[in-house]
Amino acid sequence: MVFFSSISRAISCSVRKTMNTHYRKSRFLSNIPENTVYGGPKQQNPNQRVTLTTLRQKYKKGEPITMVTGYDYPSGVHIDMAGIDICLVGDSASMVVHGHDTTLPITLDEMLVHCRAVARGAKRPLLVGDLPFGTYESSTKQAVDTAVRVLKEGGMDAIKLEGGAPSRITAAKAIVEAGIAVIGHVGLTPQAISVLGGFRPQGRNIESAVKVVETAMALQEAGCFSVVLECVPAPVGAAATSALQIPTIGIGAGPFCSGQVLVYHDLLGMMQHPHHAKVTPKFCKQFGRVGDVINKALLEYKEEVTNGSFPSSAHSPYKIGAADMDGFLNELQKLGFSDAASAAAAAAEKIQTS
């Protein structure tokens, strides 16, 4: 027994050493960077993940809820780092990313690409994916199938759909009953611009104002956990917020909602361009002028490449040893590449001098 015990301990020790050696080797051979410039964002603590419970608690305490749209990995990372509560992968991508004049052209497959990219970068916020036009209006089955894809293939936590018509209220109810969290959307519903006659504010007369509140109530009854109010007068936003028992998220709906949402590109002042100037809404506050910074940087880059000042030695960090350099020049001469050898020697001298 002592003999077998000794053998067992020896084998166990050998296995541990082999595993440790394998780990060290794989650690250095792995193509997954470790704490390098390519390391990416820091992982968030799972306990800090925003959930529906988090939002309900904030709503109960009267704490404003923050939402921002995101469309790709970088925007997801920035939204995550800022501690925003909800990241909405909006069909507004059709306009601010794809350059269309409306939200109508974007497809479900395109939306799923945006969803997956955002989900890789935003680990803390509640992730909500918009159901694009034409993917949920035909039947409750179509609506549920689309919502399921947004969660399973897009990595979202919930979906948003534009309410208004009874069929859309029914779709919201069916999606909730399928076990998927839903945010409703009333007021200016961009997918309905053909009926609304363009991007027009709603709730500006008695009938329209009452309809905003009633539609929001219907979405609540359908099981939505929140409702977006877009482009309505502040008193109408306040009335809907008071009437509902779920949070309202305003966008051009005044300061009395339970929270606010803005489009990423709009709030950053990201695109100083005629098309974007045409579609940037009046209610948006630019918290930065990132577009000007981007334009300046691109012009400086072009200028420095043109005049030869970039890249300098400071941005040519990779070195070759003197012995290897001599060997390299000799090999070039043997291959008949005399001009290449001269160019390499001149470059090495210039880099050393600078």
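Further up the page is the structure itself.
Predicted model, so just to flag it, every value in this text is computed and none were measured.

Q: Any chance you could explain the packing of helix α9 (residues 206–221) against helix α10 (residues 234–243) here in plain terms?
A: Angle between the axes and distance between the axes are the two parameters that describe a pair of packed helices. For the pair α9 and α10, the least separation of the axes is 9 Å and the interaxial angle reads 30 degrees. In this view, α9 runs roughly parallel relative to α10, as classed from their interaxial angle. Considering the relative orientation of α9 and α10, their crossing is right-handed. Across from A209, V212, V213 and M217 in α9, the residues of α10 making contact are V236, A239, A240 and A243. In the contact of α9 with α10, the residues fall into eight nonpolar, no polar and no charged.

Q: Where do I start with helix α13 (residues 290–307) in this structure?
A: Given 3.6 residues to a turn, an α-helix orients residues that are three or four positions apart in the same direction. The end-to-end C-alpha distance of α13 is 26 Å, a good match for the 26 Å that 18 residues give at a rise of 1.5 Å each. Remark: G308 follows α13 within two positions and exhibits a positive phi of approximately 85 degrees.

Q: Please explain the pattern of salt bridges as it appears in this structure.
A: Opposite charge on two side chains allows them to pair when their charged atoms are near. Applying the stated criterion across every chain, the model contains eleven salt bridges. The salt bridge involving D157 is made with R49; its shortest N-O contact spans 2.8 Å. With D157 in the loop between α6 (140–152) and β4 (158–160) and R49 in the loop between α1 (2–29) and α2 (52–61), the pair connects residues that are 108 residues apart, well separated along the chain. Taking relative accessible area as the criterion, R49 reaches 27% and is therefore assigned partly exposed. Taking the shortest distance from any N to any O, the salt bridge between E177 and K173 comes out at 2.5 Å. Of this pair, E177 and K173 are both found in helix α7 (residues 166–177), four residues apart, which corresponds to roughly one turn of the helix. Taking relative accessible area as the criterion, K173 reaches 39% and is therefore assigned partly exposed.

Reading the values: the criteria
- Residues numbered from 1 in each chain as written.
- Predicted model: local features only at pLDDT ≥ 70, side-chain atom pairs only at ≥ 80, totals over all residues.
- Heavy atoms only, no water.
- Axes fitted to C-alpha atoms, helices over the stretch in contact; angles between N-to-C directions.
- Helix = DSSP H or I, 4+ residues; strand = E, 2+ residues; numbered from the N terminus.
- Parallel < 35°, antiparallel > 145°, perpendicular 65-115°, else oblique.
- Left-handed = near helix turned anticlockwise from the far one by under 90°.
- Contact = heavy atoms within 4.5 Å.
- Nonpolar A, V, L, I, M, F, W, Y, C, P; charged D, E, K, R; others polar.
- Expected span 1.5 Å × (residues − 1).
- Salt bridge = Lys/Arg side-chain N within 4 Å of Asp/Glu carboxyl O.
- Buried < 20%, exposed > 50% of the residue type's maximum accessible area, 1.4 Å probe, protein only.

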